[in-house]
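Here is how the chains run, residue by residue.
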Amino acid sequence: MKYNFNEIEAKWQKYWAENGTFHAENNSDKPKYYVLDMFPYPSGAGLHVGHPLGYIASDIYARYKRHQGFNVLHPQGYDSFGLPAEQYAIQTGQHPAITTKTNIKRYREQLDKIGFSFDWSREVRTSEPAYYKWTQWIFIELFNSWYNIETDKAEHIDTLVATFEAEGNATVKAVCDDDVTVFAAAEWNNYSSEEKQEILLKYRLTYLAETEVNWCPALGTVLANDEIVNGVSERGGHPVVRKKMTQWSMRISAYAQRLLDGLNTIDWPQPLKDSQTNWIGRSQGAMVTFKVDGHDANIDVFTTRPDTIYGVSFMTLAPEHDLVAKITTADQKEAVENYVEATSKRSERERMADVKTISGVFTGAYALHPFTGEKIQIWIGDYVLASYGTGAVMAVPCGDQRDYDFAKHFGLEIPNIFENEDISEEAFSEKEGVKIANSDFLNGLTYRKAMKTVIYEMEQRGFGKGKINYRLRDAVFSRQRYWGEPFPVYYVNGMPQMIDVQHLPITLPEVEKYLPTETGEPPLGNAEVWAWNTETNEVVGNDKIDNETIFPLELNTMPGWAGSSWYFFRYMEKAAREGDFASSAALKYWENVDLYIGGSEHATGHLLYARFWTKFLKDRAFVGVDEPFKKLINQGMILGTSALVYRITGTNTYVSKGLKDQHEVDEIRVDVNMINTSDELDINDLKAWQPQFENAEFILEEGKYIVGREVEKMSKRWFNVVNPDEICEEYGADSLRLYEMFLGPLEQSKPWNTAGITGVFGFLKKLWKLYVGEEGVSKATDAVPTKDNLKTLHKTIKKVAEDIENFSFNTSVSTFMICVNELTDQKCSSREILEPLTILVSPYAPHIAEELWERLGNEGSIATAKFPKFEPKHLVESSKEYPVSFNGKMRFKKELSLELSKEEIEKIILEDERTQAQLNGRTPKKVIVVPGRIINIVG
């Protein structure tokens, strides 16, 4: 009977859906295991074959854990807010909710066809009000929290207010804004409500502040650093400039040290840990204050090398620094303003990466050296970033190469403060084994001694102190978009007020257009019904704002990472809840994600924010864990194999690959779906594909047009996308799953080649024939398995279990092929062998496994069948095929038990008729027997 994969796969996908086969239980005696994929953004393009790679790997592991007796939670959902749907809405006028719903339907159909064991009863969509109600609630809780340095955790803002009322803030140790003034309890109690709110905003974990942001005029929104590539927006390639805006920010910096320490407790790839470590950027040094000559202003500088302070010969401020406009002299005003404007068009990443360009402008102002009182020129330069440290650098050109290059370029002084070190060609940056010179009381001291001495002296004189600094900046949380979570915030006299949780969710209003308003406000500024009535607790029309009971609502929306920073907790509950996002029982049972699979590109975005929110929720006792993901694996990328045609430059004639070197040609990518497995182009398809090819001429080789190939990222842009639906239709989902795993190690990138899938498809047909006869009758019998049968099975059990535990899925596929070949050669039909083999195959090729399981006479799904136990005894050799030699030349082989003694082996061999024939009546001089190795008869 033929292996009808289309019929089999449709049958079992329907069975799983109707029977809730993969629905996890929150109350189970089984041990729990939570497997999660980074949930997808549902784009209009749908899935290509590169997308399911991580999902297939996680599905194999989830199915394996079920076979091992675990209660497995393996959910899926959609990160469904985002800029692409909004951009499509701007272009077409279609509401993003409609686009998103259509795209989700398409994704779901594709995912179901591949046969994933997802618990769809827990599906999450971040754009659903029932979901983002709790994103809004988390925002409110962050607003109502402050970070207590003494307890090293977030606490409710009421505990801070109580301290202010009783003691003022002089003794409060909190992570807060730098410009907090000291006040006594009596002063606090006399402050107006608005004054108190302004002070508390400086302490809250989410707060309003004027910050430097990446503004993309074309998209009308602020972008995160990871949304910018080479100075332009990742979406659309539009220019990005730096500008100051009042934004909501998250005080993630409060968690910097805990985020670093937590990396030691989780099983993540080291490169990913290193990315977060570098992003957080812990450094130890000192904060030093320089007075600005002639101004009532100071420049605070964080330095990791306060021991080099006598080497300071100028200062450099970031072009965006607040003091630049205040201290710049009239003579330098035009040059400084031009430089600041030019710098605003370069992203921070671009400025950090550009180490070759040296640029800057003198402000005309001077700072005073804190120890010597000497005047030091104050420059601005784009190699200094406002978001790092204080946005100011005390330039020590003798000890820092960038300062050295800057000083050389502009002819600034380079004093040498290192004993016996040559700085004529480059800066000297070593710390150990060198002594300080030309530095007054630091002369002759080593690095470590000088550090302690200068910090002590600064603290005594009152212009510096020792400090641990972090590169991690607070995260901007506002976006000037429509399609995102609305803030649960309204404003009274410009001060933000939180909407009570009982009135959530605050849902998106209807707008006529999704662009910013004519006055530059975010798209929500176009809404006619977007004000909050504090008497009726409802959203009302803007025309009713009276500043007594009806107030304006926040016009910004939350960023994409808001909903993805906690979604893994929402999956723990089976249905939407009224009182909380998940019950305490569910949160306690599932705890956190045991295995998380996704891309490394999220290292300093989603993964860092998710860790931050989890630690916050733990601090406030909303969850019981400190880290969201115990183990994380980064899957590699499946690359596309693009197809190239070669147009003779200046013509509309295309030449086949083998002839292209005879001409000057332009390479043009064409749709890979027009190419067969021999790289031959269907010219008729090409002519019908795009107008430019309609009247083209083609120079062939041997009657064919052969395309060139290039391996690169799979993308619609390169026309190299392969649709998984077509693969499933032609070869089956099980073939797709096996082939994606067979391509290579999970963590590595590898090219897709559809022609290669025939190998795994052939394996599945051979597997089917092992179980099913010509008439569709099962071949399985109750025959006792042979030793060879058992040996083949148990070496397969051992290898597959090891592979799955080590996430080496590609080698399992090879093992299955070897196993089926051996069992076919052995003509194995024993149920005792075929049944456990079906379970072994099940995580990888679940549809055919379900069908074979049923044909073996089992009822229900194979999903929870017990994973076969490896028995080492079946791999222990009980006999040996000895080579029997005469005078050193092997003449024949004989299988003998390994339990035979040397004497017994000699007796059996001498009695063998082949030995007798070789001796021809002679008595051998010597018989050499090495048990388990050789037999040699010397005649």
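Reading the values: the criteria
Residues numbered from 1 in each chain as written. Predicted model: local features only at pLDDT ≥ 70, side-chain atom pairs only at ≥ 80, totals over all residues. Heavy atoms only, no water. Helix = DSSP H or I, 4+ residues; strand = E, 2+ residues; numbered from the N terminus. Buried < 20%, exposed > 50% of the residue type's maximum accessible area, 1.4 Å probe, protein only. Contact = heavy atoms within 4.5 Å. Areas by Shrake-Rupley, 256 points an atom, 1.4 Å probe, with all protein chains shown as cover. Lys, Arg positive; Asp, Glu negative; His and termini not counted. Charge placed at Lys NZ, Arg CZ, Asp CG, Glu CD. Pairing = 2+ DSSP bridges. Axes fitted to C-alpha atoms, helices over the stretch in contact; angles between N-to-C directions. Phe/Tyr/Trp six-rings, centres within 6.5 Å; stacked < 30°, edge-to-face > 60°. Parallel < 35°, antiparallel > 145°, perpendicular 65-115°, else oblique. Left-handed = near helix turned anticlockwise from the far one by under 90°. Nonpolar A, V, L, I, M, F, W, Y, C, P; charged D, E, K, R; others polar. Expected span 1.5 Å × (residues − 1). Patch = residues over 30% accessible without salt bridge, like charges linked within 9 Å, V, L, I, M, F, W, Y side chains within 5 Å. Salt bridge = Lys/Arg side-chain N within 4 Å of Asp/Glu carboxyl O. 1 Å grid on protein atoms, 1.4 Å probe; cavity = no way out; pocket = protein on both sides within 12 Å on 5 of 7 lines; lining within 4 Å. Points joined across faces, edges and corners; volume = space filled by probe spheres on them. Core = buried A, V, L, I, M, F, W, Y, C linked by side-chain atoms within 4.5 Å.

S.K.: Describe in detail the overall build of the chain, supporting the description with residues and values.
M.R.: When helices and strands are counted, the chain shows 29 helices and 37 strands. Its C-alpha atoms give the chain principal-axis dimensions of roughly 120 × 75 × 75 Å. Burial statistics for the chain: of 939 residues in total, 53% are counted as buried. Put simply, of all contacts in the chain between residues at least 6 apart along the chain, 70% involve residues at least 24 apart. For the chain, the accessible surface area stands at approximately 42300 Å², while carbon and sulfur atoms represent 47% of it. Averaging the locations of the 104 positively and 136 negatively charged side chains of the chain gives two centres separated by 8 Å.

S.K.: Account for the sheet that holds strand S24 (residues 538-540), with residues named and values stated.
M.R.: The strand order S24-S23-S25 describes an open sheet built from three strands, whose pairing is antiparallel. In this open sheet, the two edge strands, each paired with only one partner strand, are S24 and strand S25 (550-552). For this sheet the average axis-to-axis angle between neighbouring strands, irrespective of direction, equals 40°. The pairing of strand S23 (residues 531-533) with S24 spans three bridges and is antiparallel. The partner of Trp 532 across the bridge, within S24, is Val 539.

S.K.: I'd like a description of the side chain of Ser 283, backed by residues and values.
M.R.: Within the element layout of this structure, Ser 283 appears in strand S13 (residues 282-292). Residue Ser 283 is classed as buried on the basis of its relative accessible area of 12%. With near-sequence residues (within four places) excluded, Ser 283 lies in contact with Phe 302, Thr 304, Tyr 388, Lys 467, Ile 468 and Asn 469.

S.K.: Talk me through helix H3 (residues 83-92); I want residue IDs and the actual numbers.
M.R.: All of the buried residues in H3 are Leu 83, Ala 85, Glu 86, Gln 87 and Ala 89. The elements touched by buried residues of H3 are helix H4 (96-113).

S.K.: Go over the packing of aromatic side chains with me, naming the residues and quoting the values.
M.R.: Applying the stated criterion across every chain yields a total of 74 aromatic pairs. Relative to Trp 248, the ring of Phe 143 has its centre 6.0 Å away and its plane inclined at 70°; by these criteria the two rings are edge-to-face. Within this pair, whereas Phe 143 is found in helix H5 (residues 129-143), its partner Trp 248 is found in strand S12 (residues 241-250), the two being separated by 105 residues in sequence. Since its relative accessible area comes to 0%, Trp 248 is described here as buried.

S.K.: With reference to specific residues and values, describe the environment of Ser 387.
M.R.: Within the secondary structure layout, Ser 387 lies in the loop between strand S17 (375-380) and strand S18 (392-395). Residues Ser 387 and Asp 405, spaced 18 residues apart in sequence, show a C-alpha to C-alpha distance of 22 Å. If sequence neighbours within four positions are ignored, Ser 387 has contacts with Glu 348, Arg 471 and Arg 473.

S.K.: How would you explain the packing of helix H22 (residues 733-742) against helix H23 (residues 757-771) if you had to name every residue and give the values?
M.R.: Direction vectors running N to C along H22 and H23 enclose 125°, while the axes themselves pass 9 Å from each other. Put simply, H22 runs oblique to H23. Crossing geometry of H22 relative to H23 is assigned as right-handed. Residues Asp 734, Ser 735, Leu 736, Leu 738, Tyr 739 and Phe 742 of H22 touch H23, and the partners they reach there are Ile 757, Val 760, Phe 761, Phe 763 and Leu 764. Along the lines of polarity and charge, the residues of the contact of H22 with H23 split into nine nonpolar, one polar and one charged.

S.K.: Which residues make up the environment of Leu 793, and what values do they have?
M.R.: Examined against the element boundaries, Leu 793 turns out to sit in helix H24 (residues 787-805). C-alpha separation for the pair Leu 793 and Tyr 33, spaced 760 residues apart in sequence, amounts to 27 Å. The residues contacting Leu 793, other than those within four sequence positions of it, are Glu 832, Ile 833, Pro 836, Leu 837 and Leu 840.

S.K.: Any details on the sheet that holds strand S7 (residues 174-175)? Residues and values, ideally.
M.R.: Sheet architecture is open: three strands sit in the order S6-S5-S7, paired in antiparallel fashion. A strand with exactly one partner marks an edge of an open sheet, and here the two such strands are strand S6 (153-156) and S7. Across four bridges, the pairing between strand S5 (residues 145-148) and S6 is antiparallel. Its bridge partner lying in S6, Ser 145 is registered against His 156.

S.K.: Before we move on, can you summarise helix H19 (residues 606-619) with the specific residues and values?
M.R.: For H19, which comprises 14 residues, the first-to-last C-alpha distance of 20 Å matches the rise-based estimate of 20 Å (1.5 Å per residue) to within 8%. Burial analysis of H19 places 13 of its 14 residues in the buried class, the great majority of the element. Ala 621 occupies a position one or two residues after H19 and carries a positive phi of about 65°.

S.K.: Now, about unusual backbone geometry: what can you tell me, with residues and values included?
M.R.: For residues other than glycine, phi is negative in most cases, and the peptide bonds are mostly trans. Note the cis peptide between Leu 504 and Pro 505, where omega equals 5°. Examined against the element boundaries, Pro 505 turns out to sit in the loop between strand S22 (495-498) and S23. With phi around 55°, Asn 920 is a residue other than glycine that occupies positive phi space. With respect to the helices and strands, the residue Asn 920 is situated in the loop between helix H29 (913-919) and strand S36 (926-930).

S.K.: Could you give an account of the pairing of strand S21 (residues 489-492), with specific residues and numbers?
M.R.: As paired strands, S21 and S22 are joined by four bridges and run antiparallel to one another. Residue Val 492 lies in a different strand from S22, and its bridge partner there is Met 495. Counting the residues between successive antiparallel strands, the hairpin from S21 to S22 contains two residues, one of them, Asn 493, with a positive phi of roughly 55°.

S.K.: Now, about a positive patch on the surface: what can you tell me, with residues and values included?
M.R.: A surface patch of positive charge is lined by Lys 2, Lys 765, Lys 766, Lys 769 and Lys 779. Looking at the secondary structure, you find Lys 765 in helix H23.

S.K.: So what's going on with empty space enclosed by the protein? Which residues, and what values?
M.R.: Evaluated as defined, the whole model comprises two cavities of 30 Å³ or more. Lining the largest cavity are Phe 81, Gly 82, Arg 481, Trp 483, Gly 484, Glu 485, Thr 557, Met 558, Pro 559 and Gly 560. Considering only residue class, the lining of the largest cavity consists of four nonpolar, four polar and two charged. Approximately 30 Å³ is the volume attributed to the second largest cavity. Taken together, Leu 53, Glu 740, Met 741, Gly 744, Pro 745, Leu 746, Lys 750, Phe 807, Phe 809 and Asn 810 make up the full set of residues lining the second largest cavity. At the level of elements, H22 and helix H25 (809-825) are the ones that each hand at least two residues to the lining of the second largest cavity. A class-by-class count of the residues in the lining of the second largest cavity yields six nonpolar, two polar and two charged.

S.K.: Break down the pattern of salt bridges for me, citing the residues and quoting the values.
M.R.: Applying the stated criterion across every chain yields a total of 44 salt bridges. Salt-bridge contacts for Glu 141 lead to Arg 620; the nearest nitrogen and oxygen are separated by 3.1 Å. Highlighted residues: Glu 141 in helix H5 and Arg 620 in the loop between H19 and strand S27 (629-634), separated in sequence by 479 residues. Classification of Arg 620 by relative accessible area gives buried; the value is 16%.

S.K.: Go over the packing of helix H2 (residues 52-67) against H22, please, and point to the residues and values.
M.R.: Interaxial distance between H2 and H22 falls to 10 Å at its minimum, and their mutual angle equals 100°. Here H2 lies roughly perpendicular to H22, going by the angle between them. Across the interface between the two elements, Pro 52, Leu 53, Ile 56, Ala 57, Asp 59, Ile 60 and Arg 63 from H2 touch Leu 736, Arg 737, Glu 740 and Met 741 from H22. For the contact of H2 with H22, the class distribution of residues is seven nonpolar, no polar and four charged.

S.K.: Requested: an account of the nonpolar core, with residues and values cited.
M.R.: Membership of the largest hydrophobic core comes to 94 residues, with the highest contact counts inside it found for Trp 248, Phe 477 and Trp 613. The leading source of residues in this core is H5, at nine residues. With 87 residues, the next largest nonpolar core counts Ile 8, Ile 56, Met 714 and Phe 809 among its residues.

S.K.: Provide a residue-level description of the pairing of S13, including the pertinent values.
M.R.: By the bridge criterion, seven bridges tie S13 to strand S19 (residues 464-470) in an arrangement that is antiparallel. Among the inter-strand pairings, Met 287 is bridged to a residue of S19, identified as Lys 465. Joining the antiparallel neighbours S13 and strand S14 (residues 298-303) is a turn of five residues, in which Gly 294 adopts a positive phi near 80°. In terms of strand pairing, S13 meets strand S16 (residues 361-368) through two bridges, oriented antiparallel. Opposite Lys 291, over in S16, you have Leu 368 as the bridge partner.

The values reported here are purely geometric and, on their own, carry no functional implication.
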